[in-house]
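Report on the structure
So you can see what is in the structure, the chains are spelled out below.
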Amino acid sequence: MKNNPLVVVVAVGVGWVATLCLARAQNGVVSPTSAAALPAPMSTSDDILLKLLAVEKDLQTKIQDDIKNGRRPTEKELAPEVQALDALLAAHKGVKNDALAQVAMAKGILSFDCGKEDLGNQLLNRLIKDYPGTFTAQDAAAFIKSEKGAANYVAEFNAIRRQLVGQPVPDFQIKDLAGLPHSAANYRGEVVLVDFWSTVCAPCLTEMPNVQKVYAKYQGRGFEILGVDEDSDKSDKAKLAVFLKTHNMSWPECYGGDNLISQKFHIMPLPANYLVGRDGKIIGMDLFGDDLDEAVAKALAVK
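Because the structure is predicted, anything quoted here is derived from the model rather than measured.

1. Things to note about the packing of helix 9 (residues 202-218) against helix 12 (residues 290-300)
Contact geometry of helix 9 with helix 12 gives a least axis separation of 10 Å together with a crossing angle of 25°. In this view, helix 9 runs roughly parallel relative to helix 12, as classed from their interaxial angle. Crossing geometry of helix 9 relative to helix 12 is assigned as right-handed. On the side of helix 9, the interface is formed by Asn210, Val211, Val214, Lys217 and Tyr218, while helix 12 contributes Leu292, Asp293, Val296, Ala297 and Leu300. Here the contact of helix 9 with helix 12 is built from residues that sort into seven nonpolar, one polar and two charged.

Have a look at this one:
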């Protein structure tokens, strides 16, 4: 891989969104209360993804430290995570869903992290063959094409994300920082912006005044925002609460990295957002500036 490959490979992991944003920022790259809902039963896919997230929490710490030190992790250092991924694949042998494909993707990316690019390509090509038709297979193909650098990979990844536009919003069950539940079903009949951001993402903070303006303009007319904070450090909720108050972010906010909402929306680079219409279908993505205002106004006009 060329052009800072460590940033690229870290970006691909399902739980590594904030890491990418932090790395890009450090390198100067600028690019209503819901009704309570009964929790949905845990699906096999969700169970797999939750176990994958548990593995990636350890990976995130290791790889962030390596980025700061300008080095790659070694095979020995990542051996426990590789073994955990192998065990997860073995436990669901024969399963061909997108969740298990993400496990295979994580294993392939670890090979790149260790400098084993030939093995990484071999594993990703096997994934494409074993999990045809999944988002992750397309993501793996995009990564293989990304030898020219991270910018090319981001473009490829966003092209995959655009396939969600026009589709029903992915089902999600999540609690905000106040402990109140939110789900896709809660927002039916409203226009909602699902907004993914981070306190360490400079482009996110640059765009925030525009999001505030649109919210003030259309709130109470059937428009809501659900914020998803992708910061990696979730230990200090009080600190985040102060940040939200200081920046006048009065809509519901939740953490994205320790649940499945970011995975279901295929989030990688930040900022990112999806606009969902009254009928529960996604009508736009990555709407910023005047484009966001125009899209919300148009969506609200549809009864």
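2. A word on the sheet that holds strand 3 (residues 191-197)
Taking strand neighbours across the sheet as the criterion, the five strands line up as 5-4-3-6-7 in an open arrangement whose pairing is mixed. Only two strands of the sheet have a single neighbouring strand rather than two, namely strand 5 (253-255) and strand 7 (282-285). Averaged over all neighbouring strand pairs, the angle between strand axes comes to 20°, with direction disregarded. Here strand 4 (residues 223-229) runs beside strand 5; their pairing, made up of three bridges, is parallel. Bridging from a neighbouring strand, glycine 227 pairs with glutamate 253 of strand 5. Seen against the sheet, helix 9 touches strand 3 and strand 4 and runs at an angle of roughly 155° to strand 4.

3. Focus on the side chain of arginine 161
Secondary-structure assignment places arginine 161 in helix 8 (residues 150-161). Note on arginine 161: relative accessible area 1%, which makes it buried. Of note is the side chain of arginine 161, whose polar atom sits 3.0 Å from the side chain of tyrosine 274. Among all residues touching arginine 161, those that are not within four sequence positions of it are Phe265, His266, Ile267, Ala272, Asn273, Tyr274, Met285 and Asp286.

4. Focus on the packing of aromatic side chains
Overall, the coordinates contain six aromatic pairs when judged by the stated rule. Relative to phenylalanine 265, the ring of phenylalanine 172 has its centre 6.3 Å away and its plane inclined at 55°; by these criteria the two rings are tilted. Pair noted here: phenylalanine 172 is in the loop between helix 8 and strand 1 (173-175) and phenylalanine 265 is in the loop between helix 11 (261-264) and strand 6 (272-276), with a separation of 93 residues, a long-range link. The pair formed by phenylalanine 172 and phenylalanine 265 is uniform in burial state, with each residue classed as buried. For the ring pair phenylalanine 265 and tyrosine 274, a centre distance of 5.2 Å and an interplane angle of 40° mean the geometry is tilted. Among the aromatic residues, those joined into a cluster by ring pairs are Phe172, Phe196, Phe265 and Tyr274.

5. As for the confidence of the model for the protein chain
Residue-level pLDDT values for the protein chain average 78, and 77% of them are 70 or greater. Confidence drops under pLDDT 50 across residues 1-40; counting only partners more than four residues distant or on other chains, this segment forms 98 contacts.

6. Here we look at the side chain of threonine 134
Tracing the backbone through its elements, the reader meets threonine 134 in the loop between helix 6 (117-130) and helix 7 (135-144). Contact partners of threonine 134, with chain neighbours within four places excluded, come to Asn97, Asp98 and Ala101.

7. Here we look at the environment of isoleucine 261
Within the secondary structure, isoleucine 261 sits in helix 11. Overall, the relative accessible area of 2% leaves isoleucine 261 in the buried class. Sequence separation between isoleucine 261 and valine 194 is 67 residues, and the spatial gap between their C-alpha atoms is 9.8 Å. For isoleucine 261, the contacting residues outside a window of four places in its chain are Phe172, Ile174, Val194, Phe196, Leu226, Val228 and Gly256.

8. Concerning the nonpolar core
Judged by nonpolar contacts, the single largest core of 45 residues is most densely connected at Phe196, Phe223, Ile261 and Phe265. Taken together, the elements giving at least two residues each to this core come down to strand 3, helix 9, strand 4, helix 10 (237-246), strand 5, strand 6, strand 7 and helix 12. Residues in contact with phenylalanine 223, not counting those within four places in the same chain, are Val191, Leu193, Val214, Tyr215, Tyr218, Leu275, Val296 and Leu300. With 27 residues, the next largest nonpolar core counts Ile48, Leu49, Phe112 and Leu127 among its residues.

9. What to know about the pairing of strand 6
Taken across its five residues, strand 6 has five buried, putting it largely inside the fold. Every second residue of strand 6 is oriented toward a common face, with Ala272, Tyr274 and Val276 on one face and Asn273 and Leu275 on the other, all of them buried. Looking at chain direction, strand 3 and strand 6 are connected through five bridges and run antiparallel. Considered in strand 6, the bridge of leucine 193 is made with leucine 275. Across three bridges, the pairing between strand 6 and strand 7 is antiparallel.

10. Overview of the pattern of salt bridges
Under the definition given, this model contains five salt bridges. Aspartate 46 is paired through a salt bridge with lysine 264; the nearest N and O atoms lie 3.6 Å apart. On the criterion of sequence distance, the pair formed by aspartate 46 in helix 3 (residues 44-69) and lysine 264 in helix 11 is long-range, its members being 218 residues apart. Aspartate 46 gets classed as buried once you look at its relative accessible area, which sits at 16%. Across the pair aspartate 86 and lysine 107 runs a salt bridge, and its minimum N-O distance is 2.6 Å. One end of the pair, aspartate 86, is in helix 4 (residues 75-91); the other, lysine 107, is in helix 5 (residues 98-113), and 21 residues separate them in sequence. A relative accessible area of 23% places lysine 107 in the partly exposed class.

So, how was this worked out
Residues numbered from 1 in each chain as written. Predicted model: local features only at pLDDT ≥ 70, side-chain atom pairs only at ≥ 80, totals over all residues. Heavy atoms only, no water. Axes fitted to C-alpha atoms, helices over the stretch in contact; angles between N-to-C directions. Helix = DSSP H or I, 4+ residues; strand = E, 2+ residues; numbered from the N terminus. Parallel < 35°, antiparallel > 145°, perpendicular 65-115°, else oblique. Left-handed = near helix turned anticlockwise from the far one by under 90°. Contact = heavy atoms within 4.5 Å. Nonpolar A, V, L, I, M, F, W, Y, C, P; charged D, E, K, R; others polar. Pairing = 2+ DSSP bridges. Buried < 20%, exposed > 50% of the residue type's maximum accessible area, 1.4 Å probe, protein only. Polar contact = N/O pair within 3.5 Å; in protein donor to acceptor, adjacent residues only side chain to side chain. Phe/Tyr/Trp six-rings, centres within 6.5 Å; stacked < 30°, edge-to-face > 60°. pLDDT = per-residue confidence, 0-100. Core = buried A, V, L, I, M, F, W, Y, C linked by side-chain atoms within 4.5 Å. Salt bridge = Lys/Arg side-chain N within 4 Å of Asp/Glu carboxyl O.

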